[in-house]
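Here is what each chain is made of, one letter per residue.
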Amino acid sequence: MPPDVTATAVAPALATVPALDPVPVPWLHLTMTGVGFTDEVSGAALAAVAEPVFAAWKRFGAVELVIEDVLVARESVMLTPAASGWLCELVETQRTAVDTVLGDRTWGIFWPHIALAYAHAAAPAAPIVALLRQALASQPEWITARPTLTLLRLGRDERVYTWEVVESRSSR
């Protein structure tokens, strides 16, 4: 089952929690590597970062995300896929491209996740977990997805990330 089916199943329950903003299905995304603010990265630099990443993407073929858990955290409720070999290699390719073109950065631990809701205030976790258990009871145990690699202009103007696609490639 793909993440959008799960997101649709849990959104009504998450919407009952005043501190949470469920992520609409069109804005579901696996967070990867930031390049920089649009006013700080030239089009040429962006293209130079994107080229090796999209070239590497071709090597992976028909990859699939396997999502194992739902996590209730301080900032969001999220799906957490396994950090598979291809996914870790892709994020390393992205980070190397950014460092090469824009200068070395300090990168944190790669922690893949797909946010189902963002928190805009504190809320106790136990009631959210109970709501999720009920909403997920009829869902399959495993969630899988064939990802699309997307270079985008990201914004978060209305308490949800939205974007404009610059370039995109599906897995085969």
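Residues numbered from 1 in each chain as written. Predicted model: local features only at pLDDT ≥ 70, side-chain atom pairs only at ≥ 80, totals over all residues. Heavy atoms only, no water.

> Let's hear about the pattern of salt bridges: which residues, and what values?
Here the structure, examined in full by the defined rule, presents 1 salt bridge. Residue arginine 59 is joined to glutamate 89 by a salt bridge in which the shortest nitrogen-to-oxygen separation is 2.5 Å. Placement of arginine 59 in helix α2 (residues 43–60) and of glutamate 89 in helix α3 (residues 85–102) is noted, with a sequence separation of 30 residues between them. On the basis of relative accessibility, which here comes to 55%, the residue arginine 59 falls in the exposed class. A residue is classified by how much of its surface remains accessible, and glutamate 89, at 36% relative accessible area, is partly exposed. (Salt bridge = Lys/Arg side-chain N within 4 Å of Asp/Glu carboxyl O. Helix = DSSP H or I, 4+ residues; strand = E, 2+ residues; numbered from the N terminus. Buried < 20%, exposed > 50% of the residue type's maximum accessible area, 1.4 Å probe, protein only.)

> Before we move on, can you summarise the packing of aromatic side chains with the specific residues and values?
Taken as a whole and assessed by the stated rule, the structure comprises 3 aromatic pairs. Aromatic side chains tryptophan 57 and phenylalanine 60 sit 6.2 Å apart centroid to centroid with 65° between the ring planes, which places their arrangement in the edge-to-face category. Within this pair, tryptophan 57 and its partner phenylalanine 60 are both found in helix α2, separated by 3 residues, close to a single helical turn. We classify tryptophan 57 as buried; its relative accessible area is 5%. Ring geometry for phenylalanine 60 against tryptophan 86: centres 6.1 Å apart, planes inclined by 55°, an arrangement best described as tilted. On the criterion of sequence distance, the pair formed by phenylalanine 60 in helix α2 and tryptophan 86 in helix α3 is long-range, its members being 26 residues apart. (Phe/Tyr/Trp six-rings, centres within 6.5 Å; stacked < 30°, edge-to-face > 60°.)

> Explain the environment of threonine 148 residue by residue, including any values.
Its place among the elements puts threonine 148 in strand β6 (residues 148–155). As for threonine 148 and leucine 131, which are separated by 17 residues in sequence, their C-alpha atoms are 30 Å apart. Among residues more than four places away in sequence, those in contact with threonine 148 are Trp57, Ser168, Arg169 and Ser170. (Contact = heavy atoms within 4.5 Å.)

> If you had to explain the side chain of glutamine 94 to someone new, which residues and values would you point to?
Structurally, glutamine 94 is set in helix α3. Accessibility expressed as a relative area gives 8% for glutamine 94, which makes it buried. Ignoring any residue separated from it by four or fewer positions in sequence, one finds glutamine 94 in contact with Met32, Thr33, Val53 and Leu149.

> Lay out the packing of α2 against α3 with the relevant residues and their values.
Where α2 meets α3, the closest approach of the two axes is 9 Å, and the angle between their N-to-C directions is 160°. For the element pair α2 / α3, the angle class is roughly antiparallel. Considering the relative orientation of α2 and α3, their crossing is right-handed. In this structure, α2 contributes Ala45, Ala48, Val49, Pro52, Val53, Ala56, Trp57, Arg59 and Phe60 to the contact, and α3 contributes Trp86, Glu89, Leu90, Thr93, Gln94, Ala97, Val98, Val101 and Leu102. (Axes fitted to C-alpha atoms, helices over the stretch in contact; angles between N-to-C directions. Parallel < 35°, antiparallel > 145°, perpendicular 65-115°, else oblique. Left-handed = near helix turned anticlockwise from the far one by under 90°.)

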